[in-house]
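So the chains spell out like this:
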Amino acid sequence: MITMLVTYAGDEKTPFDRDHWINLHLPLFRESWGRYGLVSAGGFFPQGDGAGLIAVGIVNFRDEAAMEAALRSPETAQVMADVDIVTAVKPQRNIVKPL
């Protein structure tokens, strides 16, 4: 399995529609990428100072090939367009490979 961490930087003043992200965006990419090998996906909102992060998505794929296929898929355009509804912040992707 390979994990993609999707982070959104900002502070308490950064607009971020939490309800949309939880109830619409997360289900959208689960549905969009499930056929490519998405295993699980979820997210959380850091508490306290959050070290400059306002949201973190944790997206697990079967393997690196599955992740690459999902990101290259036509559905990814819709997933990314939906981010613009949630926030103006551009998410950053970090890949966590198993040891």
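Thresholds applied
- Residues numbered from 1 in each chain as written.
- Predicted model: local features only at pLDDT ≥ 70, side-chain atom pairs only at ≥ 80, totals over all residues.
- Heavy atoms only, no water.
- Helix = DSSP H or I, 4+ residues; strand = E, 2+ residues; numbered from the N terminus.
- Rg over C-alpha atoms; globule rule 2.2 N^0.38 Å.
- Buried < 20%, exposed > 50% of the residue type's maximum accessible area, 1.4 Å probe, protein only.
- Areas by Shrake-Rupley, 256 points an atom, 1.4 Å probe, with all protein chains shown as cover.
- Lys, Arg positive; Asp, Glu negative; His and termini not counted.
- Charge placed at Lys NZ, Arg CZ, Asp CG, Glu CD.
- Core = buried A, V, L, I, M, F, W, Y, C linked by side-chain atoms within 4.5 Å.
- Contact = heavy atoms within 4.5 Å.

Per an unreviewed UniProt entry, the protein chain carries the name EthD family reductase and comes from Azospirillum melinis.

So what exactly am I meant to see when it comes to the overall build of the protein chain here?
Looking only at helices and strands, the protein chain features three helices and four strands. In the protein chain, the succession of helices and strands from N to C terminus is β-α-β-β-α-α-β. The C-alpha radius of gyration of the protein chain comes to 13 Å, within 12% of the 13 Å expected for a compact globule of 99 residues. With the C-alpha coordinates of the protein chain rotated into their principal frame, the extents come out at 35 × 30 × 20 Å. When burial is assessed residue by residue, the protein chain has 42% of its 99 residues classed as buried. Of the roughly 5800 Å² of accessible surface on the protein chain, a fraction of 56% belongs to carbon and sulfur atoms. Averaging the locations of the 9 positively and 12 negatively charged side chains of the protein chain gives two centres separated by 5 Å.

Help me understand the nonpolar core, please; the structure alone is not making it clear to me.
Here is a general trend for soluble globular proteins: nonpolar side chains tend to be buried in one another's company. Counting residues in each nonpolar core, the largest one holds 24 residues, and the members touching the most others are Tyr-8, Phe-16, Trp-21, Trp-33, Val-59 and Phe-61. Counting residues per element, the ones that place at least two in this core are strand E1 (2-9), helix H1 (18-33), strand E2 (38-44), strand E3 (53-61), helix H2 (64-72) and helix H3 (75-86). If you tally residues by element for this core, the top one is H1, at five residues. Setting aside residues up to four positions removed in sequence, Val-59 forms contacts with Ile-2, Thr-3, Met-4, Val-6, Phe-29, Trp-33, Leu-38, Ser-40 and Ala-41.

Any chance you could explain the environment of Val-79 here in plain terms?
Note on placement: Val-79 falls in helix H3. Classification of Val-79 as buried rests on a relative accessible area of 2%. Sequence spacing of Val-79 and Val-59 is 20 residues, and the spatial spacing of their C-alpha atoms is 13 Å. Once residues within four sequence positions are removed from consideration, Val-79 is found in contact with His-25, Leu-28, Phe-29, Ser-32 and Trp-33.

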